[in-house]
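# Residue-level structure breakdown
Below are the chains, spelled out letter by letter.
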Amino acid sequence: RMKNGETILELQTRFTHIENYLLGLGKTFEDDEINIKILNCLTRTWEPKITAIKESKDLTSMSMEDLFGKLLVYEHELIQQSHVEET
C-alpha cells in the first residue's frame, strides 16, 4: 500500500525494489498484472486517476514506466491545485 505522505517517486522506488527481488527469485509478471498491483496500492486520493486509466488504457500494453509517468503528471497537478487553493 502507498504510505501517507509518500510520493509517486518513492512508491516507484519501493515497488521496483520489490519487483526486482521477486524477479531474482524467479517470479515473473505480465505488464497488466504489475499495473493492476500498482493501481490497487494507491490511496483514495488517486481514485479519479485510477478510474480514468483503467477505462481509457489497455493495461496489457502499457509499461510500468508509462504508468508511473502518468501518475507523476497527476501528482504534479494535485500539488499545483493545492498551492492555488492555499493562496
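Below: a short report on this structure.

Helix and strand counts for the chain stand at four helices and zero strands. Counted from the first residue to the last, the chain has its helices and strands arranged as α-α-α-α. Just so you have it, the chain exposes about 6000 Å², and 52% of that area is on carbon and sulfur atoms. Taking the average place of the 10 positive charges on the side chains of the chain and the average place of its 16 negative ones, the gap between the two points comes to 5 Å.

On inspection of all chains with the given rule, the structure shows one salt bridge. The closest approach of N and O atoms between R14 and E6, which form a salt bridge, is 2.9 Å. Looking at R14, the relative accessible area reads 26%, which means it is partly exposed.

Scoring rules and cut-offs
Residues numbered from 1 in each chain as written. Predicted model: local features only at pLDDT ≥ 70, side-chain atom pairs only at ≥ 80, totals over all residues. Heavy atoms only, no water. Helix = DSSP H or I, 4+ residues; strand = E, 2+ residues; numbered from the N terminus. Areas by Shrake-Rupley, 256 points an atom, 1.4 Å probe, with all protein chains shown as cover. Lys, Arg positive; Asp, Glu negative; His and termini not counted. Charge placed at Lys NZ, Arg CZ, Asp CG, Glu CD. Salt bridge = Lys/Arg side-chain N within 4 Å of Asp/Glu carboxyl O. Buried < 20%, exposed > 50% of the residue type's maximum accessible area, 1.4 Å probe, protein only.

Everything listed is a geometric property; what it means functionally is a separate question.
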